[in-house]
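Descriptive structure summary
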Amino acid sequence: MPLTAGIVGLPNVGKSTLFNAITHSQVEAANYPFATIQPNVGTVEVPDKRLDKLREMINPKKHIPTTFEFTDIAGLVKGASKGEGLGNQFLANIREVDAICHVVRCFDDADITHVDGEVNPIRDAETIMYELIFADLDVVEKRMSKVQRKADTKEKDAVAEMAVLKKLYEALYASKPARSVELSKDEMLIARNYSLLTIKPMIYVANMGEDSVSDPEGNTHYQQLKELAEKEHCDVIAICAKLECEIAQLEEEDRAMFLEDLGMDQSGLDKLIFAAYHMLDLGTYFTIGPEENRAWTFRKGMTAPECAGIIHTDFQKGFIRAECFSYDDYVACGSEQAVKDAGKFRLEGKEYIVQDGDIMHFRFNV
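Here goes a summary of the coordinates provided. Just so you know, these numbers come straight off a predicted model, no measurement behind them. (Residues numbered from 1 in each chain as written. Predicted model: local features only at pLDDT ≥ 70, side-chain atom pairs only at ≥ 80, totals over all residues. Heavy atoms only, no water.)

Next up on the list: the environment of K200. One can find K200 in the loop between α6 (185-191) and β6 (202-207). Relative accessible area serves as the criterion here: at 10%, K200 is assigned to the buried category. Apart from the residues lying within four places of it in its own chain, the contact partners of K200 are I94, R95, V97, D98, I100 and R179. (Helix = DSSP H or I, 4+ residues; strand = E, 2+ residues; numbered from the N terminus. Buried < 20%, exposed > 50% of the residue type's maximum accessible area, 1.4 Å probe, protein only. Contact = heavy atoms within 4.5 Å.)

With that settled, consider the nonpolar core. Counting 79 residues, the largest nonpolar core has L18, F68, F70, L168, Y204 and L225 as the members making the most contacts within it. Tallying contributions element by element places helix α4 (residues 121-152) first for this core, with 11 residues. When sequence neighbours within four positions are dropped, the list of residues in contact with L225 reads V104, C106, P121, I122, A125, Y204, A206 and V236. The next biggest cluster of nonpolar side chains, apart from the first, holds 15 residues, and it includes C307, A322, M360 and F362. (Core = buried A, V, L, I, M, F, W, Y, C linked by side-chain atoms within 4.5 Å.)

Here we come to the packing of helix α1 (residues 15-24) against helix α8 (residues 241-248). The N-to-C vectors of α1 and α8 enclose an angle of 15°; their axes lie 8 Å apart at closest approach. With respect to each other, α1 and α8 are oriented roughly parallel. Along this stretch, α1 crosses α8, giving a crossing that reads as left-handed. The segment α1 lies against α8, with T17, L18, N20, A21 and H24 engaging A241, K242, E244, C245 and A248. Among the residues forming the contact of α1 with α8, the class breakdown is five nonpolar, three polar and two charged. (Axes fitted to C-alpha atoms, helices over the stretch in contact; angles between N-to-C directions. Parallel < 35°, antiparallel > 145°, perpendicular 65-115°, else oblique. Left-handed = near helix turned anticlockwise from the far one by under 90°. Nonpolar A, V, L, I, M, F, W, Y, C, P; charged D, E, K, R; others polar.)

What follows deals with the packing of aromatic side chains. Across all of its chains, the model carries 12 aromatic pairs by this definition. Between the aromatic rings of Y285 and W296, the centroid separation amounts to 6.5 Å while the plane-to-plane angle is 20°, which identifies the pairing as stacked. Of this pair, Y285 sits in strand β8 (residues 282-287) while W296 sits in strand β9 (residues 292-299), and the two are 11 residues apart along the sequence. According to the relative accessible area criterion, Y285 is buried, its value standing at 0%. Chaining the aromatic ring pairs together yields one cluster made of Y285, W296, F298, F319 and F362. When the ring centre of W296 is taken as reference, the NZ or CZ atom of R294 above it lies at 4.3 Å. Its guanidinium or amino end placed over the ring of F345, K340 lies 4.9 Å from that ring's centre, counting from NZ or CZ. (Phe/Tyr/Trp six-rings, centres within 6.5 Å; stacked < 30°, edge-to-face > 60°. Lys NZ or Arg CZ within 6 Å of the ring centre and 35° of its normal.)

Our focus in this paragraph is the sheet that holds strand β5 (residues 99-105). The strand order across the open sheet formed by six strands is β2-β4-β1-β5-β6-β7, and the pairing between neighbours is mixed. What marks the edges here is a single partner per strand, and that holds for β2 (41-45) and β7 (235-239). On average, each strand axis in the sheet is inclined to that of its neighbour by 25°, with strand direction left out of account. Across five bridges, the pairing between β2 and strand β4 (residues 67-72) is antiparallel. Bridging across to β4, E45 finds its partner in T67. Packed onto the sheet, α4 meets β5 and β6 and runs at close to 145° relative to β5. Each of β5, β6 and β7 touches helix α7 (residues 220-231); the most contacted strand, β7, lies at about 160° to it. (Pairing = 2+ DSSP bridges.)

For β5, the buried fraction is high: seven of the seven residues fall into the buried class. A two-sided burial pattern is seen for β5, the buried positions comprising A99, C101, V103 and R105 on one face and I100, H102 and V104 on the other. Two strands pair when backbone bridges link them, and β5 and β6 are joined in this way by six bridges, in the parallel orientation. Of the residues in β6, the one forming a bridge with R105 is N207.

Between α4 and α7, the shortest axis-to-axis distance is 9 Å and the interhelical angle comes to 40°. For the element pair α4 / α7, the angle class is oblique. Judged by residue contacts, P121, I122 and A125 of α4 engage H221, Q224, L225 and L228 from α7.

A few words now on α4. With 32 residues, α4 should reach 46 Å at 1.5 Å per residue; the first-to-last C-alpha distance of 45 Å fits that figure. Positive backbone phi, approximately 65°, marks K154, located one or two places after α4. (Expected span 1.5 Å × (residues − 1).)

Right, let's get into the pattern of salt bridges. All chains considered together, the criterion is met by 16 salt bridges. Here D138 ties to K142 by a salt bridge, and the two come within 3.3 Å at their closest N and O atoms. With D138 and K142 both in helix α4, this residue pair falls four residues apart, about one helical turn. Assessed through its relative accessible area of 34%, D138 is described here as partly exposed. Notably, a salt bridge pairs E323 with R321, separated by 3.5 Å at the nearest N-O pair. (Salt bridge = Lys/Arg side-chain N within 4 Å of Asp/Glu carboxyl O.)

The structure is reproduced here in structure tokens:
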């Protein structure tokens, strides 16, 4: 279940530097046999202290975190929705990702040229947002022209679709992203057919200088971007892409010391990975044992058979039951047998909705 966040931004905002940090910290593809890595994709481990604790308790031969992918997307310029610069490539690539990490420059440096002459995070953020909105508006208008005739004849499906299109059109025409529109579950299923750019969840990434990243609130550019993010109901993560490149190349022990010297409890990259992971409403379940501890990514709301299928399709086809218990209960009790003795060990069937932090053993027969 490869899920990808696309890294977007204007030229010279630090987007490529951030991706270089991700590339330096990526895991080797050989460790993850189910992953297909493309040249423009960086795969990183999702930081999870629970898996570290399980390794400490079990000491397995293998310890495999779950992963998340970031795609580096070509830089955008004003007019991209009309094909300017690499606009067509930029927009096509965004349609392929599940979420957007929008990098905005929040540092001053006379040696690094800004495409508009000066740093202005609000203007920069809006430049990209408007291009995405223009592209979405074009999609919605074209679809409305096709559906209108059928809707006029009171065809049920067309009437329902037209109602969704009108909601989207009104928001986009008012320069609001599609994600701001309140849609029911059925309406969202219709909207997903359009592959709209602004319906995707988004995080702002404030790329700051080394001197201010440990105290972003003291940076005027960051404050402006944060205010914009709050209006759009988006998160904003403060990082220093240049610093992240240096951190990514350090050994784990040296990395911890380096961050401590900077007054940071975790790297900006880890914060970004964690935020992107949860922005997509993803959860993690674990399989454990003396041979291997492993974290698996699933979409919240998935059933036990669906989660079993993440490991192997045969697990889902021949699903019998899931033997499971929570991570918290396992840590509190100290062992699987102690979990059973405490009555915390559960047998769950096909309707069970897997919870974040579940430790699972799947029984199947094919």
